[in-house]
Amino acid sequence: MWLATGNALLRFDGVRGVPWRATSGTALPDDRVRTLFGSSDGALWIGTLRGLARLKDRTLTVYPSLQGKAVNAIEETADGTIWVGGTSWLGDSGRENAFLCAVRKSGTECQGEDGRLGDSIVALHRDPSDALWVAGTDRVWKWTPQSPVSYKLPSAITAVRTMTGTPDGDVIVATQRHVVRISDGKAETMSLPDWMKNLRFTRVRGDRDGALWLAAADFGLVRLHKDRAESFTTADGLSGNEIRDLFEDREGNVWVSNSGGLDQFRPVAGALFAANKGLEGRARSILATHDGAIWAVTTKAVYRLDQPEVMEVRRGAPGSLFEDRQGRVWLYSLSEFGYFDGGRLTTVASVPTGAVDGMDDDSRGNLWIAHREAGLLLLRPDGSVEQTPWASVRPSFRVSTITVDPNDDSLWLGSWSGALMNLAAGRVRAFFELGESRDSPRVSQIRVETDGTVWVSNGNGLSRVKDGRVTLLDSDSGLPCDRVLETLSDPHWFWLRARCGVIRVARTAIDAWGGAADRAAELPKLDFQVLDQSDGVVPSETFSVSARLAAMRNTTPFMTQSQDGRLWIKTSEGIVMIDPARIPKNSIPPPVHVEQLVSDGKRFDSQVGLRLPPLQRDVAIDYTGLSFAAPEKVQFRYKLEGRDAAWQDAGQRRQAFYTDLSPGDYRFRVIAANPSGVWNHEGDTLEFSIAPAYYQTLWFYGLCTLASFVMLFALHRLRLRQVSGQIRGRLEARLAERERIARDLHDTLLQGIQGLILRFQAAADRIPHNVPARALMEKSLDRADKLLLESRDKVKDLRPSASDVKTLEEALAIEGAQFAEFQPAAFSIRVLGAVRELHPIVHEESLLIAREALGNAFQHARAVNIEAEVTYGVEALQICIRDDGQGIGSAVLASGRPGHFGLIGMRERANKLGAHLAVWSKQGAGTEVELGVPAAVAYPSVRQNSAGLRRWAELLRAKLLILRSHIH
């Protein structure tokens, strides 16, 4: 809703007004706004004292053809034409002429400059037939450009917006002294009450119910409806008597702008009976009796409300009311106790005076009385009284209310401390502690239903007692507020009188809730409707000292229901009547708008493609829901897609808060429900994004990931070099040890043996040939020469020379050829990569491992084809022995053949080299043995320069060969 004030144009959502600010480079024709109009396309038309402007999607358009003209009225017809009427000033002559302009997309057409429309157009109106009505100062036209129909007015119109319509199509015009109705082509002056005949009317507005709202100069407001006229002035609560404008919103609320502020008229649920209805004093109790009467007790008297009459029955101190099963109405207070008979109070002398906290009667006609001092009293039909002291019932149990169970005539007693007791035949049959209360724990009412359900009202909320189980309905389980004073039930609704107002919930829903409690199942969520001060139901209690003293007197009942279904409620301001059949129901879902986003103190208007800078810490999103009937009761839910997994229940809060949102795209959604619980599930959305800081971007994450991989690779290379160095160190030490052993054997042992052989030969030469010892000596010397030759061969093996060391592939070819002489298998060998020099130990150990693999393939595999492959790779030396034989069993592959150590020895040799040995085999699919020796271990010298493309190409080729060997 848009409001034009003396110095600003405001957007008003029922709770707050936000000033509209023109964008840079634009401005209204004049700051003095005279009229506002919302067109069907969502645009706001602004008529000022010096021209016309149109506001749509934050874009302001000013119409030059109307520059300098006072715009008094704006209207729209069904074809989208905007009609503008007002006053134009003719130069410096001081003359004024009325103008009427039609604003279309094709242009603007104006009439009246010739003076035929008088000096001013003050009002425009479109009737249900889409006819345009134009009001001048002394006449009204039903407009057609060719031949408008004119109606002369009995007196002049002295103000703007003085023409309106009725639902049946009549046109109403308010002149200075008259109200004119134009119907069926006739203009007739309406008959008004005598007290209205001297009023000067300045505004008129018709509402959807057919009522007419008339503003009278210096008098206030008059409402005419169905031959009934009522006035509203400051004495009735109107903010000011000078009415400036009238407006009916789409929900049927009538708004009145006046000299004191902005007032709203709307239908409410509660009708208040106060002093002006004939009731004196503050209400204390209310009771509907079975004969259809309503009894009320105030601080001044006892009344019987037989509408439209209010009859005073008795003057006296306030007390409580009770109707027994015989239809007698009882009154009990601090000073008297009795019942009404023929309009007179008959006192019962056998009941002592004093505070009575409750009373009820049983099926035998006995009356049970909870007397605060005398104890539990039983008043029999014959007038005799039986007294039971409270100490004999239960010590320190201070009774606050009493109810007779209609099912078995037992007594239910509630205490001031929040306890509940069931008394039968003078004995306590059940006792319940209802728990500590955040408010007053006093049990204010106990109500027992025919199925045995006991409803207990106190400061904790509403307790349900059934079959020994207590179930609490409080604010934690969905009740709008905890302090429950009283309940009642009808076939359709379950009613609660609570501190926050009158609460109702469907009877079927409360029964389902109770059924779940009996089954110990999960309790369903209840849909409550609260009728509070905004619905005409004022609070039932205040926090003044006098109010608290009145509460100590515990006058009841607080709420009752008459035979016609209407509720009557005691409040702090009087008796309120609610007709359940006429509780207003707002069926219009509230429009929802996201207004702005505030990020780290900077405001951003709601717009498409909103992008926020990086590192946003605090983000607040303002939104609103447009229900003007009771805007403070609009409920909201929102969800930020990209952050929230579920809808957030915001209650009446109109702002959402988020902190430390990550970079990315977000979509904020908000929905709202009006006070009647009708939701707008479409709601409104705001899409925005938060830009990332440089260290939150994908390229930064990619660089960090790449740097991590490079670091890990470098660490891996370093560790590999360390391990290879350790292995090569061990190999070098092993080779040096073998060379030392060879030197020692050659230089000491073999040379010594050679010397001994020569000495023994000299000795043998001195022995005659015919001596048997000579032959024995010759044989021993021959054996020694043979042993010396074998020892030299062994030493040669320990220290091979460059002249007799064959390449690995040559040695494998020799071994394969030797095995092939005895086995009918085809053997082949191939070499990949440039042949490189191998470390002697690696050469020897690798040959031994390969020879063992070849031996197994030739001797045990029954293979047809056997292949050896040697790859001189950049990263490793690869040796692979494959066959297409019968394969090796899984058990043998895991731990070797019993009594054989071929596989075990191969693995031990590979471990000593720091090499990787893999044996793959499958029954019937052959065997593959693969040995991989790191390059740093296999080759005596490894080139350190790895930056060239050739090295990377060799490395990639080696990796592919290794991958292929694994696949095979």
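Residues numbered from 1 in each chain as written. Predicted model: local features only at pLDDT ≥ 70, side-chain atom pairs only at ≥ 80, totals over all residues. Heavy atoms only, no water.

### Some remarks on the pattern of salt bridges
And step 1. Enumeration over the complete set of coordinates arrives at 49 salt bridges.
And step 2. Close ionic contact of Arg315 with Glu312 constitutes a salt bridge, the shortest N to O distance being 3.0 Å.
And step 3. A salt bridge links Arg909 to Glu845, with the nearest nitrogen and oxygen atoms 2.7 Å apart. Linking Arg909 in helix H9 (residues 902-913) with Glu845 in helix H7 (residues 840-860), this pair joins segments that are 64 residues apart in sequence.
And step 4. Judged by relative accessible area, Arg909 falls into the partly exposed class, the value being 30%.
And step 5. Exposure remark for Glu845: the relative accessible area of 2% places this residue in the buried category.
And step 6. Ionic contacts of the salt-bridge type, sharing partners, join the residues Arg11, Asp13, Arg16, Glu595 and Arg654 into one network. (Salt bridge = Lys/Arg side-chain N within 4 Å of Asp/Glu carboxyl O. Helix = DSSP H or I, 4+ residues; strand = E, 2+ residues; numbered from the N terminus. Buried < 20%, exposed > 50% of the residue type's maximum accessible area, 1.4 Å probe, protein only.)

### Some words on the sheet that holds strand E64 (residues 826-832)
And step 1. Strand order in the open sheet formed by five strands is E64-E65-E66-E68-E67, with mixed pairing between adjacent strands. Every other strand in the sheet has two partners, leaving E64 and strand E67 (916-922) as the edge strands with one partner each. Averaged over all adjacent pairs, the angle separating strand axes in this sheet is 10 degrees, with direction ignored.
And step 2. Looking at chain direction, E64 and strand E65 (residues 865-872) are connected through seven bridges and run parallel. Bridge pairing links Phe827 to Ile866 in E65.
And step 3. Contacting E64, E65 and strand E66 (876-883), helix H6 (residues 808-820) runs over the sheet at an angle of about 175 degrees to E64. (Pairing = 2+ DSSP bridges. Axes fitted to C-alpha atoms, helices over the stretch in contact; angles between N-to-C directions. Contact = heavy atoms within 4.5 Å.)

### Comments concerning the state of the cysteines
And step 1. Tallied over the full model, the rule gives two disulfides.
And step 2. Paired through a disulfide, Cys101 and Cys110 show a sulfur-sulfur distance of 1.9 Å. The disulfide joining Cys101 to Cys110 has a torsion of about 110 degrees about its S-S bond and is therefore right-handed.
And step 3. The class of Cys110 is partly exposed, set by a relative accessible area of 34%.
And step 4. The side chain of Cys481 participates in a disulfide bridge whose partner is Cys500; the two sulfur atoms lie 2.1 Å from each other. On the sign convention where negative is left-handed, the bridge of Cys481 and Cys500, at about -70 degrees about the S-S bond, is left-handed. Residue Cys481 is found in the loop between strand E47 (469-473) and strand E48 (484-489), and its partner Cys500 is found in the loop between strand E49 (493-498) and strand E50 (501-506); the two are separated by 19 residues along the sequence.
And step 5. The exposure class of Cys481 is buried, given its relative accessible area of 14%. (Disulfide = S-S within 2.5 Å.)

### A look at the confidence of the model for the protein chain
And step 1. Here the protein chain shows a mean pLDDT of 86. Residues at 70 or above account for 89%.
And step 2. Every residue in residues 801-805 is under pLDDT 50, and counting partners more than four places away or in other chains gives three contacts. (pLDDT = per-residue confidence, 0-100.)

### Concerning a nonpolar patch on the surface
And step 1. A surface patch of nonpolar side chains, amounting to about 770 Å² of accessible area, comprises Leu615, Tyr694, Tyr695, Trp699, Leu703, Leu706 and Val710.
And step 2. Relative to the assigned elements, Leu615 resides in the loop between strand E57 (610-612) and strand E58 (618-625).
And step 3. Classification of Leu615 as partly exposed rests on a relative accessible area of 48%. (Patch = residues over 30% accessible without salt bridge, like charges linked within 9 Å, V, L, I, M, F, W, Y side chains within 5 Å. Areas by Shrake-Rupley, 256 points an atom, 1.4 Å probe, with all protein chains shown as cover.)

### Quick notes on helix H2 (residues 507-518)
And step 1. Compared with an ideal rise of 1.5 Å per residue, which puts 12 residues at 16 Å, H2 spans 17 Å between its outermost C-alpha atoms and is within 8% of the ideal.
And step 2. Packing partners of the buried residues in H2 comprise strand E45 (454-458), strand E46 (461-466), E47, E48, E49 and E50.
And step 3. At the C-terminal side of H2, Ala520 shows a positive phi close to 60 degrees. (Expected span 1.5 Å × (residues − 1).)

### Section: the nonpolar core
And step 1. Core analysis: the largest hydrophobic core is formed by 38 residues, its most contacted members being Leu808, Leu877, Leu931 and Val933.
And step 2. Elements represented by at least two residues in this core include exactly H6, H7, E65, E66, H9, E67, strand E68 (926-934) and helix H10 (935-938).
And step 3. It is H7 that provides the largest number of residues to this core, a total of eight residues.
And step 4. Apart from residues no more than four positions distant in its own chain, Val933 is found in contact with Val842, Ser846, Ala876, Leu877, Ala915 and Ala938.
And step 5. Within the second largest apolar cluster, 24 residues are counted, among which are Leu597, Leu612, Ile621 and Phe668. (Core = buried A, V, L, I, M, F, W, Y, C linked by side-chain atoms within 4.5 Å.)

### Describing the sheet that holds strand E4 (residues 33-38)
And step 1. Spatially, E4-E5-E6-E7 is the arrangement adopted by the four strands of the open sheet, whose pairing is antiparallel. Two strands in the sheet have a free side with no partner beyond their single neighbour: E4 and strand E7 (59-62). Strand after strand, the sheet turns through a mean of 20 degrees between neighbouring axes, direction not considered.

### Some points on H6
And step 1. With 13 residues, H6 ought to run about 18 Å at 1.5 Å a step, and its terminal C-alpha atoms sit 18 Å apart, in line with that.
And step 2. Where H6 is concerned, the buried positions are Leu808, Glu809, Ala811, Leu812, Glu815, Gly816 and Phe819. The arc that holds every buried residue of H6, seen down its axis, measures 160 degrees, which confines them to one face.
And step 3. Residues of H6 that are buried in the fold lie against E64, H7, E65 and E66. (Arc of directions from axis to C-beta.)

### A short note on the packing of H7 against H9
And step 1. Closest axis-to-axis distance for the H7/H9 pair is 10 Å, and the angle between their directions is 160 degrees. It follows that H7 is roughly antiparallel to H9 by the angle criterion. When you trace H7 past H9, the crossing you get is left-handed. Across from Val842, Glu845, Ser846, Leu848, Ile849, Glu852, Ala853 and Asn856 in H7, the residues of H9 making contact are Gly902, Met906, Arg909, Ala910 and Leu913.
And step 2. Tallied by class, residues from the contact of H7 with H9 come to seven nonpolar, three polar and three charged. (Parallel < 35°, antiparallel > 145°, perpendicular 65-115°, else oblique. Left-handed = near helix turned anticlockwise from the far one by under 90°. Nonpolar A, V, L, I, M, F, W, Y, C, P; charged D, E, K, R; others polar.)

### Notes on the pairing of E7
On a regular strand, each side chain points to the face opposite its neighbour's, so the side chains alternate between the two faces of the sheet.
And step 1. Summarising the sheet, strand E6 (residues 51-56) and E7 pair through four bridges and their orientation is antiparallel. In the strand pairing of E7, Lys56 is matched with Thr59.
And step 2. Linkage of E6 to E7, two consecutive antiparallel strands, is achieved through a turn of two residues, within which Asp57 is found at a positive phi near 55 degrees.

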